[in-house]
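Structure at a glance
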Amino acid sequence: EVQLLESGGGLVQPGGSLRLSCAASGLTFSRYAMSWVRQAPGKGLEWFSYISDEGGSTHYADSVRGRFTISRDNSKDTLFLQMSSLRAEDTAIYYCAKGGGVGAAARFEFWGQGTLVTVSS
Amino acid sequence: IQMTQSPSTLSASVGDRVTITCRASQSITNYLAWYQQRPGKAPKLLIYDASRESGVPSRFRGSGSGTEFTLTISSLQPDDSATYFCQQYSSFSLTFGGGTKVEIK
């Protein structure tokens, strides 16, 4: 059974930093692209970061480019998100998702349960 | 690419046929997915590339290509009360529709 378990969320002050992790199990992690998607309270879904299976290709939404960095450690089946210069509008549930990318079958096949990030003073 | 969903909410009875529309601001061929999100839960993939994900009930059907797409629930069930999102994966930046909340009368 595929499982994605996010961790690292919490309360952080504006301008602060936070690192999220997503531990994967039940799949050959190194074979799959991964993404981060977030959802502000009561709002819709926003994709904002993608990394290819081996980590050689990354993409970001304009809303986070230059502030967030996606990475992965395939030896530990773990996806990371380093967030800096956090703003109130970054407050959201952060989901890691298996898949993403563009082209045939590039859907978000499976999602973790999410971790809440709250940016507030 | 902007994704526009309609309606934003709908209320229907058990057994009704329900249709949700998603329009793309430019052609995305058939690179479109539909997700179901129940309150407090993570989204779940229903449809991609116009095909049902494994394990998804046959009452869910996705259709369309180019810029206009529909998700049809052929006979609404109580378990289908949720918010539904479309998402394009034709090009980065990947984008979602605003969501359609389906309520059971």
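This text follows the structure it describes.
Notes on the structure follow. Computed from a predicted model, the values in this text were never measured in an experiment.

A closer look at the state of the cysteines
Disulfides are covalent bonds that link the sulfur atoms of two cysteine residues. By the definition in use, this model includes two disulfides over all chains. The disulfide bridge from Cys 22 of chain A ends at Cys 96 of chain A, spanning 2.0 Å between sulfur atoms. Across the S-S bond of Cys 22 of chain A and Cys 96 of chain A the torsion is about 50°, and the bridge reads as right-handed. One end of the pair, Cys 22 of chain A, is in strand β3 (residues 18-25); the other, Cys 96 of chain A, is in strand β9 (residues 92-99), with 74 residues separating them in the sequence. Here Cys 22 of chain B connects covalently by a disulfide to Cys 86 of chain B, the sulfurs 2.1 Å from one another. Between Cys 22 of chain B and Cys 86 of chain B, the S-S dihedral sits near 70°, and the bridge is therefore right-handed. Taken as a pair, Cys 22 of chain B in strand β3 (residues 18-24) and Cys 86 of chain B in strand β9 (residues 82-88) lie far apart in primary sequence, 64 residues in all. Each member of the pair, Cys 22 of chain B as well as Cys 86 of chain B, carries the same accessibility label: buried.

A look at the environment of Phe 29 of chain A
Residues and elements named next belong to chain A. Relative to the helices and strands, Phe 29 is located in the loop between β3 and β4 (34-39). Sequence separation of Phe 29 and Val 102 is 73 residues, and the distance between their C-alpha atoms is 19 Å. Among residues more than four places away in sequence, those in contact with Phe 29 are Ala 24, Met 34, Arg 72, Asp 73, Asn 74, Asp 77, Thr 78 and Leu 79.

Considering the pairing of β3 of chain B
All names here are of chain B. For β3, the buried fraction is high: five of the seven residues fall into the buried class. Here strand β1 (residues 3-6) runs beside β3; their pairing, made up of four bridges, is antiparallel. Bridge pairing in β3 links Gln 5 to Cys 22.

Side note on the pairing of strand β11 (residues 115-119) of chain A
Across a regular strand the side chains alternate sides, sitting on one face of the sheet and then on the other. All names here are of chain A. Because side chains alternate across β11, one face comprises the buried residues Thr 115, Val 117 and Val 119, and the other comprises Leu 116 and Thr 118, none of which is buried. Of the pairings in the sheet, the one linking strand β2 (residues 10-12) to β11 comprises three bridges and is parallel in character. Residue pairing for β11: Val 12 is matched across the bridge by Val 119. Sheet topology note: the β9/β11 ladder contains three bridges and is antiparallel. Across the sheet, the residue bridging to Ala 92 is Val 117, located in β11.

Here we look at the packing of aromatic side chains
The geometry of two aromatic rings is summed up by the distance between their centres and the angle between their planes. Tallying each qualifying case throughout the model produces 13 aromatic pairs over all chains. Judged by centre distance (5.8 Å) and plane angle (80°), the ring pair of Phe 48 of chain A and Phe 68 of chain A falls under edge-to-face. Residue Phe 48 of chain A is located in strand β5 (residues 45-51), and its partner Phe 68 of chain A is located in strand β7 (residues 68-73); the two are separated by 20 residues in the primary sequence. Classification of Phe 48 of chain A as buried rests on a relative accessible area of 0%. Among the residues examined, Phe 68 of chain A registers a relative accessible area of 3% and is labelled buried. Both rings, one in Tyr 35 of chain B and one in Phe 96 of chain B, keep their centres 6.0 Å apart while their planes meet at 55°; by these two values the pair is tilted. With Tyr 35 of chain B in strand β4 (residues 32-37) and Phe 96 of chain B in strand β10 (residues 95-96), this residue pair connects regions lying 61 residues apart in the sequence. Judged by relative accessible area, Phe 96 of chain B falls into the buried class, the value being 10%. Pairwise contacts between aromatic rings join Tyr 95, Phe 108 and Trp 111 of chain A together with Tyr 35 and Phe 96 of chain B into one cluster. For the cation-ring pair, Arg 38 of chain A lies above Phe 48 of chain A, with the distance from its terminal atom to the ring centre recorded as 5.4 Å. Against the face of Tyr 32 of chain A rests Lys 98 of chain A, its NZ or CZ located 4.1 Å from the ring centre.

Details of the interface of chain B and chain A
Counting from both sides, the interface comprises 20 residues of chain B and, opposite them, 23 residues of chain A. With both sides pooled, the region where chain B packs onto chain A buries about 1800 Å², and carbon together with sulfur makes up 66% of that total. Counting every contact that joins chain B to chain A gives zero salt bridges. Here chain B is connected to chain A by five residue pairs in polar contact (both at pLDDT 80 or more). Elements supplying a minimum of two residues to the side of chain B that touches chain A: β4, β5 (44-48) and β9 of chain B. In terms of residues, the side of chain B that touches chain A owes the most to one element, β4 of chain B, which gives three residues. Class assignment for the residues of the side of chain B that touches chain A results in twelve nonpolar, five polar and three charged.

Rules used in this analysis
- Residues numbered from 1 in each chain as written.
- Chains lettered and ligands numbered in written order.
- Predicted model: local features only at pLDDT ≥ 70, side-chain atom pairs only at ≥ 80, totals over all residues.
- Heavy atoms only, no water.
- Disulfide = S-S within 2.5 Å.
- Helix = DSSP H or I, 4+ residues; strand = E, 2+ residues; numbered from the N terminus.
- Buried < 20%, exposed > 50% of the residue type's maximum accessible area, 1.4 Å probe, protein only.
- Contact = heavy atoms within 4.5 Å.
- Pairing = 2+ DSSP bridges.
- Phe/Tyr/Trp six-rings, centres within 6.5 Å; stacked < 30°, edge-to-face > 60°.
- Lys NZ or Arg CZ within 6 Å of the ring centre and 35° of its normal.
- Buried area = accessible area lost by both parts, 1.4 Å probe.
- Salt bridge = Lys/Arg side-chain N within 4 Å of Asp/Glu carboxyl O.
- Polar contact = N/O pair within 3.5 Å; in protein donor to acceptor, adjacent residues only side chain to side chain.
- Nonpolar A, V, L, I, M, F, W, Y, C, P; charged D, E, K, R; others polar.

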